[in-house]
Amino acid sequence: MADGRTRADFEAYVSARYGALLGLAYLLTQDRGLAEDLVQATLTKCWLAWRKVRADDPTAYVRRVMVNTHTEWWRRRRGGKEVPTDDLAAVAPAAYGAGSVRLVEHSDLMQALRRLPKKMCAAVVLRYFEDLSEAETADVLGCSIGTVKSQTHRALTKLRVDLDSQATTETR
């Protein structure tokens, strides 16, 4: 294999990053089953291209494949079909990572994320939950840094309004 990339390298990468990848997939899909499917589909695509993936930063490539795969799925499904989901408060096992478990405890935030357009949701998840820079997020999403900035700004504004209106409703 090129660059000495072997099956063992891939297996070691998956073992080390599976929980984080599952957490990212859960934040993108907001559904436990879909998150697991998304990780598997992503890893399958990455395995097929593993020889070409940069050895020094495979996670950037894997994130991009995951976001693109999620976008492809969303485009196929938006033909009006509804997808059943579990109650979000009851999902997110420990394998999703500590950040994801904390998020599920704040189901208002998860519901507000679900109401965002997919591109905005992906920008917020990558910037604030995956802690990527604007440039890294732009690379994963395949857009400009300016688009990341505007999508993130609009998303945060919508989230603030959404969460404020939920808080106001709950206090009544």
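In what follows, the structure referred to is the one given above.
Residues numbered from 1 in each chain as written. Predicted model: local features only at pLDDT ≥ 70, side-chain atom pairs only at ≥ 80, totals over all residues. Heavy atoms only, no water.

(A) Structural detail: the overall build of the chain. Across its full length, the chain carries eight helices and zero strands. When its helices and strands are written in sequence order, the chain yields α-α-α-α-α-α-α-α. Buried positions account for 39% of the 172 residues belonging to the chain. Here the contacts in the chain between residues at least 6 apart in sequence split such that 67% fall between residues at least 24 apart. Roughly 9,700 Å² of accessible area belongs to the chain as shown, and the carbon and sulfur atoms make up 50% of that amount. (Helix = DSSP H or I, 4+ residues; strand = E, 2+ residues; numbered from the N terminus. Buried < 20%, exposed > 50% of the residue type's maximum accessible area, 1.4 Å probe, protein only. Contact = heavy atoms within 4.5 Å. Areas by Shrake-Rupley, 256 points an atom, 1.4 Å probe, with all protein chains shown as cover.)

(B) Spatial organisation of the nonpolar core. Ranked by size, the top nonpolar core spans 40 residues in total, and within it Leu28 and Met66 carry the most contacts. Among the secondary structure elements, those contributing two or more residues to this core are helix H1 (7-29), helix H2 (32-48), helix H3 (58-77), helix H5 (107-115), helix H6 (118-129), helix H7 (134-141) and helix H8 (145-171). Not counting residues within four places of it along the chain, the set of residues in contact with leucine 28 comprises Leu38, Met66, Val67, His70, Ala122 and Val125. (Core = buried A, V, L, I, M, F, W, Y, C linked by side-chain atoms within 4.5 Å.)

(C) Region of interest: the pattern of salt bridges. Enumeration according to the criterion identifies seven salt bridges in this entry. In this structure, arginine 7 and glutamate 11 form a salt bridge, with 2.9 Å as the shortest nitrogen-oxygen distance. In this pair, arginine 7 and glutamate 11 both sit in helix H1, four residues apart, roughly one turn of the helix. The salt bridge involving glutamate 130 is made with arginine 63; its shortest N-O contact spans 3.0 Å. (Salt bridge = Lys/Arg side-chain N within 4 Å of Asp/Glu carboxyl O.)

(D) Quick look at the side chain of threonine 137. Inspection of the secondary structure assignment puts threonine 137 in helix H7. If we ignore the near neighbours within four places in the chain, the residues touching threonine 137 are Ala123, Leu126, Arg127, Leu132 and Val148.

(E) The packing of aromatic side chains, seen in detail. In this structure the tally under the stated criterion is three aromatic pairs. Here phenylalanine 10 and tryptophan 47 contribute two aromatic rings whose centre-to-centre distance is 5.1 Å and whose plane-to-plane angle is 55°, an arrangement assigned as tilted. Note that phenylalanine 10 is positioned in helix H1 and tryptophan 47 in helix H2, a separation of 37 residues in sequence. With 5.6 Å between their ring centres and 45° between their planes, tyrosine 13 and tryptophan 50 make a pair best called tilted. With tyrosine 13 in helix H1 and tryptophan 50 in the loop between H2 and H3, this residue pair connects regions lying 37 residues apart in the sequence. Both residues of the pair, tyrosine 13 and tryptophan 50, belong to the buried class. Site record: aromatic cluster; members linked through ring pairs are Phe10, Tyr13, Trp47 and Trp50. For the cation-ring pair, arginine 127 lies above tyrosine 128, with the distance from its terminal atom to the ring centre recorded as 5.4 Å. (Phe/Tyr/Trp six-rings, centres within 6.5 Å; stacked < 30°, edge-to-face > 60°. Lys NZ or Arg CZ within 6 Å of the ring centre and 35° of its normal.)

(F) Seen up close, H6. Taking 1.5 Å of rise per residue, the 12 residues of H6 would be expected to cover 16 Å, and the 15 Å separating its terminal C-alpha atoms lies within 8% of that figure. Within the sequence span of H6, burial applies to Met120, Cys121, Ala122, Ala123, Val124, Val125, Leu126 and Arg127. One or two residues past the end of H6 sits aspartate 131, with phi positive at roughly 60°. (Expected span 1.5 Å × (residues − 1).)

(G) Broad picture of unusual backbone geometry. The backbone of glutamine 30 sits at a positive phi, close to 60°, despite the residue not being glycine. Here glutamine 30 shows up in the loop between H1 and H2. A positive phi is found at aspartate 131, a non-glycine position, where the angle reads about 60°. Here aspartate 131 lies in the loop between H6 and H7. Overall, aspartate 131 belongs to the exposed group, its relative accessible area being 65%.

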